[in-house]
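An overview of the molecular structure
So you can see what is in the structure, the chains are spelled out below.
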Amino acid sequence: MAILSVDNSKCISCGICEKSCKFQGVKIENKYPIFNDNCTFCFECITACPTSAITVLGLEKKEFDTTLWSGVMVYLEIKDNILSEVSKELIGKARELANTLSEKVFGVVINHNINLEELKTCGVDTVFVAEGEQFADFKLDLVGDCLHSIIEKVKPSIFLVGATNQGKTIVPYISVKCETGMTADCTSLEIDKNGNLIQIRPAFGGNIMAEILTENSRPQIATVREKIFKITVDVKTQAEIVKVQGLEVVSKYDVLKIVKKAVDSDISHAKILIAIGNGVKKKEEIAVFQKLADEIGGELCSSRALVEAGLMPQSRQVGLSGKAVSADLMFAFGISGSAQFLAGVGGVKTLIAINADPDANIMTIANHGIVADIFQTSAEVLLSLRKK
Amino acid sequence: MKIAVCVKQVPSDNKSLMDKKSGTLIRNGETSVINPYDLFAVEMALRIRERVGGEVFAFTMGAGSAKKVLIDSVAMGVDGGYLVSDLAFAGADVFATAKTLSEAITFVGGFDLVICGRQTTDGDTGEVAIALATHMNICGLPFVNEVVEIDEKNITASCDFGKHNAITKCPLPAVISVDKDCGLPRIPSLRGKLSAKKAVFPVISLDDLFDKNNNNYGLSGSKTSVLRIYNTVFETSNNIIKEGGLEFLKGKFESVKKGDL
Ligand SMILES: Cc1cc2nc3c(=O)[nH]c(=O)nc-3n(C[C@H](O)[C@H](O)[C@@H](O)COP(=O)(O)OP(=O)(O)OC[C@H]3O[C@@H](n4cnc5c(N)ncnc54)[C@H](O)[C@@H]3O)c2cc1C
Ligand SMILES: Cc1cc2nc3c(=O)[nH]c(=O)nc-3n(C[C@H](O)[C@H](O)[C@H](O)COP(=O)(O)OP(=O)(O)OC[C@H]3O[C@@H](n4cnc5c(N)ncnc54)[C@H](O)[C@@H]3O)c2cc1C
Ligand code: SF4
Ligand code: SF4
């Protein structure tokens, strides 16, 4: 059983641990912190303590022979008969990690009607292919068990999966079957001096980062969202194709129907975005921002406030419960910059905020915070663009 | 039908507690709340109960203070709740959380359906539901935005897979995770609030579980470990323009229009 403990000789009684705790799990009593059962082991206080006085006690080191596991495997997701973008992005990252480790890159694909030619030059050393009609529709038990058996045979040290809804379904299945750890939505992956994968991911809505290790089990499984890594294809590599027999199992799932969703021009890939928020109160007020977007070839999007008010469609919502965007340039008109909104704009290169309130949260985060009325500025900018 | 709904206590957004004028933290005691996505899970459970009859029980794994999220659930209309709490459970990652919830739900027993939220606002992995189904060795339907059909034997639901929904049928018992599109969570009624006040919640501890080996739970049973947590500052020149903002904007828009970002 684990418990937090304080080294009183290091503790300077500053009280930062108590202040940093969101759960009232620690109180300073007689100069030193005392932990109580509200503590959820979130580690906030451990990181906050200026003298590293807090440690975790009672952790048994498990023996696990990691040397039997080698190579970086990528789950290749097929979309509309071609390799998905995120799979290609992960191959590039896998190659980089494998080079550091002097190991190989594997791909694994489980599907129906697979284009082998594309796989031969996708940049991996070996692709394991399980093909068959039973894989036409995604069924967790069929794909999961097949994948599990491949992983047990190949024993890759690292397994990378795109954080699509399909990836996020496969990963917990495989992780539990292999009794290993999973790290979600990594934004950066590195190898430490012991050859372990350092998995870095945002936490608590985006401004806090966590570094996570899977030291005592294999494979180390990480999911990564689309657009986090760049595609770098290594065309010199000709992949060896290894066909794998699908296991003879009957699925418990029955996919009755696939319903394609209506496609709306996607804000997550737009280069230029104009985002509007609660500063806009009426439907009529949106027009000027749409026109501004049209003038500069951008897309219009919004905070959740306008989606809740029924003024903007859900598909155009930016943020934690909306879309993550990666525009080169975003203008935010009348948005306060809640943690949930900001969780979606981490990939934006330049953010320009226009807000009447100089103390709004977004003003400290934007590259440029312009203190002004959104209606007056938008009307005048539009006028000047049209004059030229 | 007997339904379990999993709810988690998460820290409330500190920024919303900031007093804008003085810049100090408003301490109203509400430093933690029910994971907002779990409200949709509770709503879904209640709607299924309305459709086919039965009982709904909330489960939360957490410290003693997590009882609050059970109270919130009962206020919305669930029939009861269990607090899965033991020092041995603390510090769990997804693997260990799912293991603990699976043991606790199995201990109470008799459930046809387990409903989770699609993700939380703290750990935010969105992986507990399927990990739970896999630990329990039953089917799991992820990212459900609509339950199309449900009877004593099967569930048919629409699962969001990005560009399409897959209408999938599987046998019960099963675990589902529900999306926010599945229906707006109800506001607690006065009667609900009253019964929530009176409700007592049994505590499930390590001793109750089938697997009593404390190395399989909490921090010790976790497969991942957090090396460190740190604050990132957005790369920003943090240039606040009070005067002449209009001219700055005009210039920016004009150059963008010319194709210069
Ligand atoms: C900053 C940070 C980063 C982390 N990163 C990782 C990581 O990468 N990998 C990892 O394995 N762990 C990670 N953890 C630990 C992990 O988040 C949680 O501790 C784990 O218990 C639940 O995962 P989640 O919050 O992501 O749940 P999600 O999978 O997002 O939650 C889905 C649903 O599961 C149910 N649920 C989740 N937790 C509980 C609970 N305690 N009681 C009842 N129902 C519950 C709810 O219905 C919820 O809506 C991280 C924790 C922190 C604080
Ligand atoms: C679980 C959860 C998930 C969420 N997910 C999301 C999400 O994905 N995306 C999201 O956006 N939100 C999300 N939210 C909501 C979020 O917490 C905020 O409520 C929301 O982002 C606020 O939107 P806003 O900034 O537009 O509005 P406000 O916070 O009301 O800000 C409006 C701003 O406009 C300024 N303003 C007003 N009028 C003018 C004017 N005439 N000229 C100049 N400035 C003006 C004001 O100074 C203010 O700063 C989520 C919340 C929860 C609990
Ligand atoms: S680990 Fe987290 S919950 Fe526990 S005392 Fe520290 S800050 Fe509080
Ligand atoms: S933050 Fe560290 S040094 Fe300060 S009181 Fe807490 S344990 Fe002691």
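1. A word on the sheet that holds strand E16 (residues 240–243) of chain A
Residue and element names in this part refer to chain A. With parallel pairing, the 7 strands of this open sheet are ordered in space as E11-E15-E10-E5-E8-E9-E16. Edge strands, defined here as strands with exactly one partner in the open sheet, are strand E11 (182–183) and E16. Two elements, strand E10 (residues 158–162) and strand E15 (residues 220–224), share 5 bridges in a ladder whose sense is parallel. Looking across to E15, one finds that Leu160 is bridged to Ala222. Its contacts with the sheet place helix H3 (residues 85–101) against strand E5 (72–75), strand E8 (105–111), E10 and E15, and it is angled at close to 175° to E5.

2. Quick notes on the packing of helix H7 (residues 287–295) of chain A against helix H11 (residues 374–387) of chain A
For any two helices packed against each other, the geometry comes down to the angle between their axes and how far apart the axes lie. Residues and elements named next belong to chain A. The contact between H7 and H11 brings their axes to 10 Å, and the two run at 40°. Classified by the interaxial angle, the pair formed by H7 and H11 is oblique. Two packed elements cross with a definite hand, and for H7 against H11 that hand is left-handed. From H7, Val288, Phe289, Lys291, Leu292 and Glu295 reach across to H11, where they touch Ile374, Phe375, Ser378, Ala379, Val381, Leu382, Leu385 and Arg386. Per-class residue counts for the contact of H7 with H11 are 9 nonpolar, 1 polar and 3 charged.

3. Focus: the packing of aromatic side chains
Here a ring pair, both rings aromatic, is described through the centre-centre distance and the interplanar angle of the planes. Tallied over the full model, the rule gives 10 aromatic pairs over all chains. With a centroid separation of 5.5 Å and an interplanar angle of 70°, the aromatic rings of Phe138 of chain A and Phe161 of chain B are classed as edge-to-face. Of this pair, Phe138 of chain A sits in the loop between strand E9 (126–131) and helix H5 (140–154) while Phe161 of chain B sits in the loop between strand E8 (154–160) and strand E9 (164–171), each in a different chain. Accessibility assignment for this pair places Phe138 of chain A and Phe161 of chain B in one class, buried. Site record: aromatic cluster; members linked through ring pairs are Phe57, Phe59, Tyr82 and Phe111 of chain B. When the ring centre of Phe111 of chain B is taken as reference, the NZ or CZ atom of Lys2 of chain B above it lies at 4.7 Å.

4. Quick word on helix H7 (residues 245–257) of chain B
One full turn of an α-helix is made of 3.6 residues, so residues set three or four places apart face in the same direction. Residues and elements named next belong to chain B. The terminal C-alpha atoms of H7 lie 18 Å apart, and with 13 residues this matches the ideal 18 Å at 1.5 Å per residue to within 8%. Restricting attention to buried positions, one finds in H7 the residues Gly245, Leu249, Lys250, Phe253, Glu254 and Val256. One side of H7 carries all its buried residues, which in axial view fall inside an arc of 165°. Of the residues one or two after H7, Gly259 is the one with positive phi, at around 95°.

5. Considerations on the site of ligand 4
The environment of ligand 4 is formed by 13 residues, the closest being Cys11, Cys14, Gly15, Cys17 and Cys49 of chain A. Counted by class, the shell around ligand 4 contains 10 nonpolar, 3 polar and no charged residues.

6. Some remarks on the nonpolar core
Ranked by size, the top nonpolar core spans 100 residues in total, and within it Val5, Phe59, Ile115 and Ile155 of chain B carry the most contacts. Of all the elements, H5 of chain A adds the most residues to this core, at 8 residues. Core analysis: the second largest hydrophobic core is formed by 30 residues, Val288, Leu382 and Leu385 of chain A together with Ile241 of chain B among them.

7. Digging into the interface of chain B and chain A
Size of an interface: often given as the accessible area lost when the parts come together. Of the residues lining the interface, 87 residues belong to chain B; the matching set on chain A comes to 100 residues. Each partner contributes to the roughly 8600 Å² buried at the junction of chain B and chain A, and carbon and sulfur atoms together form 61% of this total. Inspection of the chain B/chain A interface yields 2 salt bridges. A salt bridge links Lys257 of chain B to Glu295 of chain A, with the shortest nitrogen-to-oxygen separation between them at 2.7 Å. Our enumeration of links across chain B and chain A arrives at 21 residue pairs in polar contact (both at pLDDT 80 or more). Tallying contributions element by element places H7 of chain B first for the side of chain B that touches chain A, with 10 residues.

8. Some points on the domain arrangement of chain A
Taken domain by domain, chain A comprises domain 1 (3–57), domain 2 (66–243) and domain 3 (267–387). Here domain 1 of chain A and domain 3 of chain A have C-alpha centroids that lie 40 Å from each other.

9. Points about the site of ligand 1
Taken together, 32 residues form the shell around ligand 1, and within it Cys6, Lys8, Asp38, Thr97 and Thr125 of chain B come nearest. Residues lining ligand 1 come from chains A and B. Within the backbone of Met61 of chain B, one N or O atom sits 3.0 Å away from a nitrogen atom of ligand 1. Between Ala92 of chain B and ligand 1, the recorded distance is 2.9 Å, taken from a backbone N or O atom to an oxygen atom. Within the complex, the protein chains bury 95% of what would otherwise be the 930 Å² of accessible surface of ligand 1. Among the secondary structure elements, those contributing two or more residues to the shell around ligand 1 are E11 and strand E13 (197–203) of chain A together with strand E4 (55–61), helix H3 (94–108) and strand E6 (113–117) of chain B. Here the residues of the shell around ligand 1 are counted per class, giving 14 nonpolar, 11 polar and 7 charged.

10. Concerning the pattern of salt bridges
Close approach of charged atoms lets side chains of opposite charge pair. All names here are of chain A. On inspection of all chains with the given rule, the structure shows 23 salt bridges over all chains. A salt bridge links Asp266 to Lys323; the nearest nitrogen and oxygen atoms lie 3.8 Å apart. In this pair, Asp266 sits in the loop between strand E17 (254–260) and strand E18 (272–276) while Lys323 sits in the loop between helix H8 (304–308) and strand E20 (329–333), placing the two residues 57 residues apart along the sequence. The exposure class of Lys323 is partly exposed, given its relative accessible area of 27%.

11. A short note on unusual backbone geometry
At the junction of Arg218 of chain A and Pro219 of chain A, the peptide bond is cis and its omega measures out at -5° in the coordinates. Summarising the element assignment, Pro219 of chain A is placed in the loop between strand E14 (208–213) and E15. Residue Pro173 of chain B is reached from Leu172 of chain B by a cis peptide bond, and omega for that bond is 0°. Despite not being glycine, Ser52 of chain A shows a phi value in the positive range, around 50°.

12. Some words on helix H1 (residues 36–52) of chain B
Over its 17 residues, H1 of chain B extends 26 Å from the first C-alpha to the last, a length consistent with the 24 Å expected when each residue adds 1.5 Å. Two residues or fewer after H1 of chain B comes Gly53 of chain B, characterised by a positive phi angle close to 80°.

13. Focus: the confidence of the model for chain B
Chain-level statistics for chain B give a pLDDT mean of 88 and a share of 90% at 70 or above. Both scores are given for the predicted complex: the pTM is 0.81, the ipTM 0.88.

14. Quick word on the sheet that holds strand E21 (residues 350–355) of chain A
Strand order in this open sheet of 6 strands is E19(A)-E18(A)-E20(A)-E21(A)-E22(A)-E13(B), and the pairing throughout is parallel. Because the sheet does not close on itself, it has two edges, and the strands there are strand E19 (299–302) of chain A together with strand E13 (239–241) of chain B. Going across the sheet, the axis of each strand differs from the next one's by a mean of 20°, ignoring polarity. One ladder, built from 3 bridges, connects strand E22 (residues 368–371) of chain A with E13 of chain B; its direction is parallel. Paired with Ile370 of chain A across the strands is Ile241 of chain B, a residue of E13 of chain B.

What counts, and where the lines are drawn
Residues numbered from 1 in each chain as written. Chains lettered and ligands numbered in written order. Predicted model: local features only at pLDDT ≥ 70, side-chain atom pairs only at ≥ 80, totals over all residues. Heavy atoms only, no water. Pairing = 2+ DSSP bridges. Helix = DSSP H or I, 4+ residues; strand = E, 2+ residues; numbered from the N terminus. Contact = heavy atoms within 4.5 Å. Axes fitted to C-alpha atoms, helices over the stretch in contact; angles between N-to-C directions. Parallel < 35°, antiparallel > 145°, perpendicular 65-115°, else oblique. Left-handed = near helix turned anticlockwise from the far one by under 90°. Nonpolar A, V, L, I, M, F, W, Y, C, P; charged D, E, K, R; others polar. Phe/Tyr/Trp six-rings, centres within 6.5 Å; stacked < 30°, edge-to-face > 60°. Buried < 20%, exposed > 50% of the residue type's maximum accessible area, 1.4 Å probe, protein only. Lys NZ or Arg CZ within 6 Å of the ring centre and 35° of its normal. Expected span 1.5 Å × (residues − 1). Arc of directions from axis to C-beta. Near = heavy atom within 4 Å. Core = buried A, V, L, I, M, F, W, Y, C linked by side-chain atoms within 4.5 Å. Buried area = accessible area lost by both parts, 1.4 Å probe. Salt bridge = Lys/Arg side-chain N within 4 Å of Asp/Glu carboxyl O. Polar contact = N/O pair within 3.5 Å; in protein donor to acceptor, adjacent residues only side chain to side chain. Domains from an automatic or database assignment. Areas by Shrake-Rupley, 256 points an atom, 1.4 Å probe, with all protein chains shown as cover. pLDDT = per-residue confidence, 0-100.

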